[in-house]
Amino acid sequence: MIRRLTAEDDQQLFSFLRQDPSFNLFLIGDIESFGYDADFQDVWGQFDGNGSLLAVLLRYYDSYIPYAPGDFDADGFARLIRETARSLPVELSGKEEIARQFEERLPLGAKRTLYFCECRTDECARQEMGAFAVKTAGWADVDRIIDLRRRIPEFDTRPTARDMLAKGMETNSARTYYIEQDGKMLAAASTTAENSLSAMIVGVCTDPEHRGKGYASAIVAKLVCDLLAEGKMPCLFYDNPDAGRIYHRLGFHDIGLWAMYR
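One structure accompanies this document, and this report is about it. (Residues numbered from 1 in each chain as written. Predicted model: local features only at pLDDT ≥ 70, side-chain atom pairs only at ≥ 80, totals over all residues. Heavy atoms only, no water.)

1. Some words on the pattern of salt bridges
It is possible for side chains bearing opposite charge to pair when their charged atoms get close. For the record, the criterion: One side-chain nitrogen of Lys or Arg within 4 Å of one carboxyl oxygen of Asp or Glu is enough to make a salt bridge. For helices the rule is a DSSP run of H or I covering at least 4 residues; for strands it is a run of E covering at least 2, with both sets numbered from the N terminus onward. Burial classes follow relative accessibility: with a 1.4 Å probe on protein chains only, a residue under 20% of its type's maximum area counts as buried, one over 50% as exposed, and anything between as partly exposed.
Enumeration over the complete set of coordinates arrives at 26 salt bridges. For lysine 95, the salt bridge is made with aspartate 20, and the minimal N-O distance between the two is 2.9 Å. Here the residue lysine 95 occupies a position in strand β5 (residues 91–95), and aspartate 20 occupies one in the loop between α1 (10–17) and α2 (25–34), the gap between them amounting to 75 residues. What makes aspartate 20 buried here is its relative accessible area of 15%. The closest approach of N and O atoms between glutamate 194 and arginine 175, which form a salt bridge, is 2.7 Å. Taken together, the positions of glutamate 194 in the loop between β9 (184–192) and β10 (198–206) and arginine 175 in the loop between α7 (161–170) and β8 (176–181) put the pair 19 residues apart, joining distant regions of the chain. Each member of the pair, glutamate 194 together with arginine 175, is buried.

Set out below in structure tokens:
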């Protein structure tokens, strides 16, 4: 049976999601931040005959995330997505072995597969922090962050990026650290989907004219140390081998693959 979840299911749902907290950080973060009644978010669950939760599907605006630790009703979830999707192709993301089950069931966007990694200790990160003055961004810095990202050719800065950055600050589900010189932001890194258990590090960037100085590594190292001190597991994606080597040096370890269809 598949049904929409409500606040009455909260305890059972979070016990289920905590089995795999890093891969479920988007689910946990969105539900903790916005609950079950927001008009831009829906949560469904699949249950067995004994009432045990088998799988979860989240809709956040026009994007979907499925999760299941084992077999699940992919046909049933696909029907729900077709009934509620407001645009095609469908945007979907999730653990690669789960997400790929929708490839023949839905008209999905182009697929991108990323390495998913987490960092359990700050031992390596502390060695990379250096003597840089890493600052915490506030509301007044939002436009500066977006401007930095737009100066970087390989960054895909979407029209909604500013609003999403501001909403993350408003809900305390995101933060940005940065390094500046003479009032100009040179490098930055952000978190997204921060929740009580974990956080995703995103938007790691350095102005092209100031690369190779260790700025981005120092910022990520600072984020790792602060998040772990708060009891949150730092996670991130990468698909660039050079970036992967830097993150591994900071103490991150690959734990699987994440698929995105956009």
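2. Overview of the sheet that holds strand β12 (residues 252–261)
This is how it is decided: Two strands are said to pair when DSSP picks up at least two bridges between them. The contact rule is simple, with two residues in contact once any of their heavy atoms fall within 4.5 Å. Orientation is described by axes fitted as lines to C-alpha atoms, over the contacting stretch for helices, and by angles from 0 to 180 degrees between their N-to-C directions.
Spatially, β1-β2-β3-β4-β5-β12-β6-β11-β10-β9-β8-β7 is the arrangement adopted by the 12 strands of the open sheet, whose pairing is mixed. The outermost strands of the open sheet, each flanked by one partner alone, are β1 (2–4) and β7 (135–136). Two elements, β9 and β10, share five bridges in a ladder whose sense is antiparallel. By the bridge assignment, threonine 192 is partnered in β10 with methionine 200. Sitting on the sheet, α1 is in contact with β2 (41–47), β3 (53–60) and β4 (63–67), with an inclination near 100 degrees to β3. Sheet contacts for helix α6 (residues 142–150): β8, β9 and β10; angle to β9, the most-contacted strand, approximately 100 degrees.

3. Regarding the packing of α1 against α2
The criterion, for reference: Should an angle fall under 35 degrees it is called roughly parallel, over 145 degrees roughly antiparallel, and 65 to 115 degrees roughly perpendicular, with every other angle called oblique. Handedness of a crossing follows from how the near helix is turned relative to the far one, being left-handed for an anticlockwise turn of less than a right angle and right-handed for a clockwise one.
For the pair α1 and α2, interaxial distance at closest approach is 10 Å and the crossing angle is 155 degrees. When the interaxial angle is binned, α1 and α2 end up roughly antiparallel. For the crossing formed where α1 meets α2, the hand is left-handed. Along the contact surface, α1 presents Asp10, Leu13, Phe14 and Leu17, while α2 presents Leu27, Ile28, Ile31 and Glu32.

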